[in-house]
Amino acid sequence: MPGSILLNDRLLRSWLRCKRRAWLDRHGDPALRQWTAHRELQLDEQRRSFATLFPERPGRGEAAALAGAPAVVGLRLKGDGVEAHPPLLQRVDGRSRWGDHSYRPVMFRPGRRTTREHRVVLALWGQLLAQEQQTSVRSGLVLSGSGRGLQQETLALGGSLPRQLDEALQRLAADLGQSTPPPLVADRKKCVLCSWRAACDQVATAEGHLSEVSGIGAKRRDMLLELGIDRLSALAAADPELLAGGLLTYGEQHAEVAPDLVTQAQVQDRGEPLRRDPAAALPELETAPGVLIYDIESDPDARDDFLHGFVRLPRNGDGRWPDGLQAAQAPYHPMLALWEHGEERLWQRLQRFLAAYPDWPVLHYGETELLALVKLAQRQGARERDIQALRDRMLDVHQRLRRHWWMPTNSYGLKAVAGWLGFSWRQKGVDGARALLWWRRWRLGGTGPQGRGSRQNLRRIFRYNHDDALATWAVAQWLHQQDQA
Ligand code: SF4
């Protein structure tokens, strides 16, 4: 079993996601760790899920287990060099040292599928619980969703799981015993939810890690490594035709993108944007009297687009477009979509607002806004002709940017591109997850003297949404300036 470092379920979970993460959790500089809203969001979801299964408050600790409470929290389990703190135990049939009942661990699963990470951690809880209650734990319970959407899955803890757990703990102990951190995870999409992301991003940039090249995920990185291309500068120096030949082994679709990958790497290496298509990226801005900049905030799990925000930006009197400072002074119109007001009311408000500026294009970044608005119009029974008119007005700045420019950024997301152009958000370190957390807190904030939770949360969401709209303008304005140049 594990050596001198005390292992626990949190380290194991981190390790199953990314070996480097577990190492940093144990040995990293805490000052480099950033708070992320994802964990808070997940804990909120977990609380709701558990409360659906057990509406009564669970019992706490050993005393509750002895008393045979249907649900128990706060039990710390200890084994040989490893400890765990399962968030919830459910009473089941079977004798244990606590009496004519025993317990099994309950896990909340945020995503859609039960993965190895869930199974192995549940197996650890089961193993330590079996020692504690002195009777075997045959299964664990995996919950997802809450309320009427609660799903329960019983997971058998036998078979090869104990062996997998044993191996994982030994390898975790070995990794934690190293003096340097394991390499960055191959699939850096996983980093989005990680509190070490900023620190690892710096390492990735300094190393010229291939994942830094926009368009390269874990699989392509492996292919490139096999072809002897191990970093960004090597990709930038590669011959596109030779690379296409090498990538053909993995399929035509990979060979086809070879020239694009090389150009993207060159642009990032040089740190300068490069025009991709000589035609104007935003010809609509030549004649438009003004633009509406549109950004939606959503709760993806609840399929709820809860905020439709607009910045109304008329052209200046001298015919020029407002710069960033002027745009920041332009009116911002947040429209909250509260389900208790009904979708019809929201649709009417949106229609009235859009109809007041008939010749103004609606700028947005990414396809979310177009898809959401069209679906809303369809649900509200809008005529096909009106929906088409709506489509024609919508102008996806992200799509235009991708079509017309190579950018020296590791992503074409709004944060990366607008940030590179010098735009800064008023609230530091905020992302969609944080806005969602504020929203849920505001919605579930109770009916105390403050009404619906804290107004401060709502103000923060508006500010974030407003800034995203202004960031979209920063990119659009840059595109327009390049068109004119
Ligand atoms: S940011 Fe990514 S590479 Fe770094 S520890 Fe987290 S998951 Fe691993």
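Residues numbered from 1 in each chain as written. Predicted model: local features only at pLDDT ≥ 70, side-chain atom pairs only at ≥ 80, totals over all residues. Heavy atoms only, no water.

Caption draft 1: Looking closely at the packing of helix α19 (residues 432-443) against helix α20 (residues 455-484). It is at 9 Å that the axes of α19 and α20 come closest, and there the two elements cross at 150 degrees. The angle between the axes of α19 and α20 places the two elements in the roughly antiparallel class. As for how α19 packs across α20, the hand of that crossing is left-handed. Where α19 abuts α20, its residues G432, A435, W438, W439, R441 and W442 lie against N457, L458, R460, I461 and Y464. Of the residues contributing to the contact of α19 with α20, the split by class is seven nonpolar, two polar and two charged. (Axes fitted to C-alpha atoms, helices over the stretch in contact; angles between N-to-C directions. Helix = DSSP H or I, 4+ residues; strand = E, 2+ residues; numbered from the N terminus. Parallel < 35°, antiparallel > 145°, perpendicular 65-115°, else oblique. Left-handed = near helix turned anticlockwise from the far one by under 90°. Contact = heavy atoms within 4.5 Å. Nonpolar A, V, L, I, M, F, W, Y, C, P; charged D, E, K, R; others polar.)

Caption draft 2: Representation of the sheet that holds strand β5 (residues 82-84). Here we have three strands laid out as an open sheet, ordered β1-β5-β4, and mixed in their pairing. Two strands lie at the open edges of the sheet, namely β1 (7-8) and β4 (77-78), each paired on one side alone. Direction of pairing for β1 relative to β5: parallel, over a ladder of two bridges. Note on β5: the bridge partner recorded for L7 is V82. (Pairing = 2+ DSSP bridges.)

Caption draft 3: Seen up close, the nonpolar core. Counting residues in each nonpolar core, the largest one holds 53 residues, and the members touching the most others are L401 and W473. Per-element accounting of this core gives the leading share, twelve residues, to α20. If near-sequence neighbours (up to four positions away) are discounted, L401 is found in contact with Y365, M407, Y412, V417, V475, W478 and L479. L75, L124, L155 and A173 belong to the second-largest nonpolar core, a separate cluster that totals 38 residues. (Core = buried A, V, L, I, M, F, W, Y, C linked by side-chain atoms within 4.5 Å. Buried < 20%, exposed > 50% of the residue type's maximum accessible area, 1.4 Å probe, protein only.)

Caption draft 4: Just unusual backbone geometry, in detail. Its identity as a non-glycine residue notwithstanding, Q134 has a phi of 60 degrees, on the positive side. Assignment of secondary structure puts Q134 in the loop between α5 (116-133) and β8 (139-144). Q134 gets classed as exposed once you look at its relative accessible area, which sits at 59%.

Caption draft 5: Geometry of helix α3 (residues 37-53). Its 17 residues give α3 an end-to-end C-alpha distance of 25 Å, which sits within 8% of 24 Å, the value for a rise of 1.5 Å per residue. When we look at burial in α3, the residues that qualify are A37, H38, L41, D44, E45, Q46, S49, F50 and L53. Buried residues along α3 sit against β6 (88-92), β7 (102-108), β8, β9 (151-156) and α19. (Expected span 1.5 Å × (residues − 1).)

Caption draft 6: Geometry of a positive patch on the surface. Residues K19, R116, R119, R171 and K190 make up a contiguous surface patch of positive charge. Relative to the assigned elements, R116 resides in helix α5. (Patch = residues over 30% accessible without salt bridge, like charges linked within 9 Å, V, L, I, M, F, W, Y side chains within 5 Å. Areas by Shrake-Rupley, 256 points an atom, 1.4 Å probe, with all protein chains shown as cover. Salt bridge = Lys/Arg side-chain N within 4 Å of Asp/Glu carboxyl O. Lys, Arg positive; Asp, Glu negative; His and termini not counted. Charge placed at Lys NZ, Arg CZ, Asp CG, Glu CD.)

Caption draft 7: Fine view of the domain arrangement of the chain. Domain assignment breaks the chain into domain 1 (7-176), domain 2 (208-272) and domain 3 (283-484). The centre of domain 1, based on its C-alpha atoms, is set 40 Å off from the matching centre of domain 3. Contacts between the two partners involve eight residues from domain 1, matched on the other side by nine residues from domain 3. Buried area between domain 1 and domain 3, both sides added, is near 780 Å², and the carbon and sulfur share of it is 55%. If you look at where domain 1 meets domain 3, you find two salt bridges. Put simply, E45 and R440 hold a salt bridge, and the shortest N to O gap is 3.1 Å. Linking domain 1 to domain 3 there are two residue pairs in polar contact (both at pLDDT 80 or more). Looking at the side of domain 1 that touches domain 3, its residues break down into three nonpolar, one polar and four charged. (Domains from an automatic or database assignment. Buried area = accessible area lost by both parts, 1.4 Å probe. Polar contact = N/O pair within 3.5 Å; in protein donor to acceptor, adjacent residues only side chain to side chain.)

Caption draft 8: Quick peek at the pairing of β9. Examined bridge by bridge, β8 and β9 share six bridges and lie antiparallel to one another. Across the sheet, residue S144 finds its bridge partner in β9, namely Q151. The antiparallel pairing of β8 with β9 creates a hairpin that spans six residues between the two strands, and G145 there sits at a positive phi of about 70 degrees.

Caption draft 9: Representation of the pattern of salt bridges in the model. On inspection of all chains with the given rule, the structure shows 25 salt bridges. Residues R97 and E62 are paired through a salt bridge, measuring 3.0 Å at the closest nitrogen-oxygen approach. Residue R97 is found in the loop between β6 and β7, and its partner E62 is found in helix α4 (residues 61-67); the two are separated by 35 residues along the sequence. Measuring nitrogen to oxygen at the nearest pair gives 2.7 Å for the salt bridge that ties R379 to E343. Separated by 36 residues along the polypeptide, R379 in helix α15 (residues 368-379) and E343 in helix α14 (residues 343-355) bring together distant segments of the chain. Via salt bridges that share partners, R188, R197, D201 and E212 belong to a single interconnected network.

Caption draft 10: How the structure looks around the packing of helix α1 (residues 9-17) against α5. Following both chains from N to C, one finds α1 and α5 inclined at 160 degrees, their axes separated by 10 Å at the closest point. Judged on the interaxial angle alone, α5 and α1 are roughly antiparallel. Every pair of crossing elements has a handedness; the one defined by α1 and α5 is right-handed. On α5, the residues that touch D9, L12, R13, L16 and R17 of α1 are R116, E117, H118, V120, V121, L124 and W125. Taken together, the residues of the contact of α1 with α5 sort by class into six nonpolar, one polar and five charged.

Caption draft 11: Layout of the site of the ligand. Residues in close proximity to the ligand include C18, R20, R21, L24, L184, V185, C191, C194, W196, R197 and C200, which together make up its full environment. Looking at the shell around the ligand, the elements with two or more residues in it are α2 (19-27) and α7 (197-207). Counting residues per element, the shell around the ligand draws most heavily on α2, which supplies three residues. Here the shell around the ligand is built from residues that sort into eight nonpolar, no polar and three charged. (Near = heavy atom within 4 Å.)

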